[in-house]
Amino acid sequence: MRRPRSPLSLLAALLVPFACGAGACSGRPMTAAPAPAGTAARAPARGPAASPTAPPPADAAEAADAAAQPGRTPLGAPQLDPLAFTVEPSLDGRSVVFLSKTSSDRFGWVRRLDAATGELGPPLLLVDEDLAGALSSPSGSTTLLTSQDGELCATSFLPGEASAASRACARARAHAAAAVGERVALLELELADPAKRDVAAKAQRAARERGAAAKPARKAPARKAPAARRPEKASGGRGAPADKKKRAADRGREGRPRKAPRAAPRPKRPDPLPEVEVRIRWFSPAEGIAATSSPTGLRFRPPLDGMGLIDAAGRPGAIDLLYYAASAKKTSTSWLGSAQIAFASLGEDGKLDASRRAVVAEGDLDYGALRGHLDPRLATASAGAVAVDVTGRNGACQATRVAPSLQRLPAGAAPRAVCAVDPARLADPTPLAPAEIGALERIAASGARRAAGQPAYDPGLAVWAGDRAYFQTVAGELFSASRADGQPRREPDPFPARRARLAWGAFAADGEGLAFAAGQLHRLDARGLISASAAPAGLGAAPPGGAPGAPIDEPERPADRRRAARIGASWWLARTDVVRLAPEPLVVPALRGRAHEGGAALVGGPERGLFLEVLGDRLQITGVDASGALTAPGAQAALARVDPRAPHAAAAPRPPWRSPRRCARGSTRASAGAAGPSSPA
């Protein structure tokens, strides 16, 4: 006799689409490729691997996975749902890189589009590593630079292959990377003189200790002597009426001199940081990563911790750097002092050219930026290099040509669309033609951006492959446009995938569950059987002249407390409206529009549930049974304001609630006290 499975063992079966949120959700494991159209997606090995075979058809793969992993039941058929991505430039400028990975995911995908041919390469898998840069060779091979566990790794792929041909890792702490010729310069920051750093730190600590010891001890205020008692009159009264009027006249009058408010103490300026030097470590696909780094001759003093190298870029015969440096300027309105945005250029040998140093901007220092110069970056072209930034949030663009010579462009000389879409064009002193400006303005007007949420004023909204710009729109769709006319053209999605998303789901204490996926309600009973039914019709419809109804198919938010609740044998959902989903749909008219986000919650129970809502400064609780009948509002408790500085023992009295009691399988129920409605348990 086959042993029945526990309801808890079916948790993974009901939440299969959740686990497949960032990959192919057709029942395949997470390490499988997202199966882009027209490309055989294969997972590269950690080192050189044999040529992989073609993957089986989707239906055969799903059947094989279902047979190999009993207990997994997909909730609905997977639909075509492309993965989110960002558009990144390559280090050598020969290609466009598409990256699909977030910081919280172990797995990610990379694809490279060749600028010369316009062909999209195979998807390359990233496992527990982050992309630092990509470059290609004239033969078409791809090399990825990734960081993993404090190491910098270089993985090479042959043309059209998704398996790694070679891989090498080395301990390196590169702050920036720039390609020059067929090599990549990895730029590192190290203390210029560690011995001086220790001596300076000891001297500063000793000075602080001496200053603290030199301060006189604070004396306790002396107690005032009791005031002399006024002589009493013969009749027994105190003082004359004239004395009372005089005292009243001197107390609380506007003409009475008052003490000036004490000014807030000025914060102490941070101690100067030690000087750092820029060192260079070379990498090439043929020779790998160099074992040691060499000094470049560039030294500077960072103004604050974390403010060092800003950007680095390569151009023919030079490696350009942009960095923050401390300034000796005295006239500063910032208590942090002043700082500079400086430029320096290295030769092909990695040595500093002393004649190619310049101060791009100098001004008051704020945390993480120079006041009035936000988001600085460096853009290079064959004609030279330009440093661009914005004056503030949604501010104007500022541009300064730094190579071959320093030239500050006047305000308004850099059109906003040019600075945002193609800042490297400002490095060329050739005047902009009206047709070229119009093409860039059309690209900017289409909502171009390289990543979701990128501001429209941020320089670098597109990546250029020759004379064609690649970008995505607000909807996450990939487009390209020519420099000649700027007309957007829809491009294939770089990471097409088949996924089945779980909008929301919940479990009861006895193992029953309900979920909404692929447009249907999926119900799991205590025996482990899953049944699907159509979504209730009419629940999301808005009443005449009223607000929209409950969005049944709306996915859960990152902090969503409005999960489904079971009352008796029925399932309910509180989203805008309080609605019954199963067995028969029902909307509670008295609670329509009252399930506000963050201000209401529905708790289930065997016989009756509780609808909790915040009304002003009070918490109101209403009972709801399986038929939708309501009890009178009860257990109105004030929302106590608790002083965070007060100890927990002195907290405000709690409302009349009994302690939550632990139920079977780890669930928790809250029940009301004697002053509130009866417990739903």
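Right above here is the structure, for reference.
Along each chain, numbering runs from 1 in the same order as the chain's sequence is written. Owing to the predicted nature of the model, reporting of local features is limited to residues with pLDDT of at least 70; listing and counting of side-chain atom pairs is limited to 80 or more, with chain, interface and lining totals taken over all residues. To get the side-chain values, take all heavy atoms of the structure and skip hydrogens and water.

Draft legend 1. Focus on the pattern of salt bridges. Criterion for a salt bridge: a side-chain nitrogen of Lys or Arg within 4 Å of a carboxyl oxygen of Asp or Glu. Inspection of every chain in the model, using the stated rule, returns 29 salt bridges. For aspartate 320, the salt bridge is made with arginine 315, and the minimal N-O distance between the two is 2.5 Å. Aspartate 493 is the partner of arginine 490 in a salt bridge, and the nearest nitrogen-oxygen pair spans 3.3 Å. A single network of salt bridges, built from pairs that share partners, joins Asp422, Arg425, Glu436, Asp467 and Arg483.

Draft legend 2. Expanded view of helix H7 (residues 434–445). Secondary structure elements follow DSSP: runs of H or I no shorter than four residues count as helices, runs of E no shorter than two count as strands, and numbering proceeds from the N terminus. Take the residue count of a helix, subtract one, and multiply by 1.5 Å to get its expected span. The end-to-end C-alpha distance of H7, which contains twelve residues, comes to 16 Å, matching closely the 16 Å that a straight helix rising 1.5 Å per residue would cover. Those residues of H7 that sit buried are Glu436, Gly438, Ala439, Leu440 and Ile443. Contacts from the buried residues of H7 go to helix H6 (416–421), strand E24 (463–465), strand E25 (468–472) and strand E26 (478–482). After H7 finishes, the residue glycine 447 shows a positive phi value of roughly 80°. The cut-offs for exposure are 20% and 50% of the maximum accessible area for each residue type, with area from a 1.4 Å probe on protein chains only; residues under the lower value are buried, those over the upper are exposed, and the others partly exposed. Between two residues, a contact is recorded if the distance between any of their heavy atoms is within 4.5 Å.

Draft legend 3. Structural detail: the sheet that holds E25. Taken together, four strands build an open sheet; the order of strands is E24-E25-E26-E27 and the sheet is antiparallel. Taken across any chain shown, the strands that pair with only one partner, and hence form the sheet edges, are E24 and strand E27 (489–490). When DSSP finds two or more bridges between a pair of strands, those strands are recorded as paired. Two strands pair when backbone bridges link them, and E24 and E25 are joined in this way by three bridges, in the antiparallel orientation. Paired with tryptophan 464 across the two strands is alanine 469, which belongs to E25.

Draft legend 4. Local environment of the nonpolar core. Throughout this description, the term nonpolar core refers to a set of buried Ala, Val, Leu, Ile, Met, Phe, Trp, Tyr and Cys residues connected via side-chain atoms within 4.5 Å. The biggest cluster of nonpolar side chains holds 21 residues, and the ones touching the most others in it are Val386, Ala399, Leu426, Ile443 and Phe471. Counting only elements with at least two residues in this core, the list comes to strand E21 (384–390), strand E22 (397–403), H6, H7, E25 and E26. Residue contributions to this core peak at three residues, all from H6. Those residues in contact with valine 386, other than ones at most four positions away along the chain, are Arg377, Leu378, Ala379, Ala399, Thr400, Arg401, Val402, Pro423, Leu426 and Ala427.

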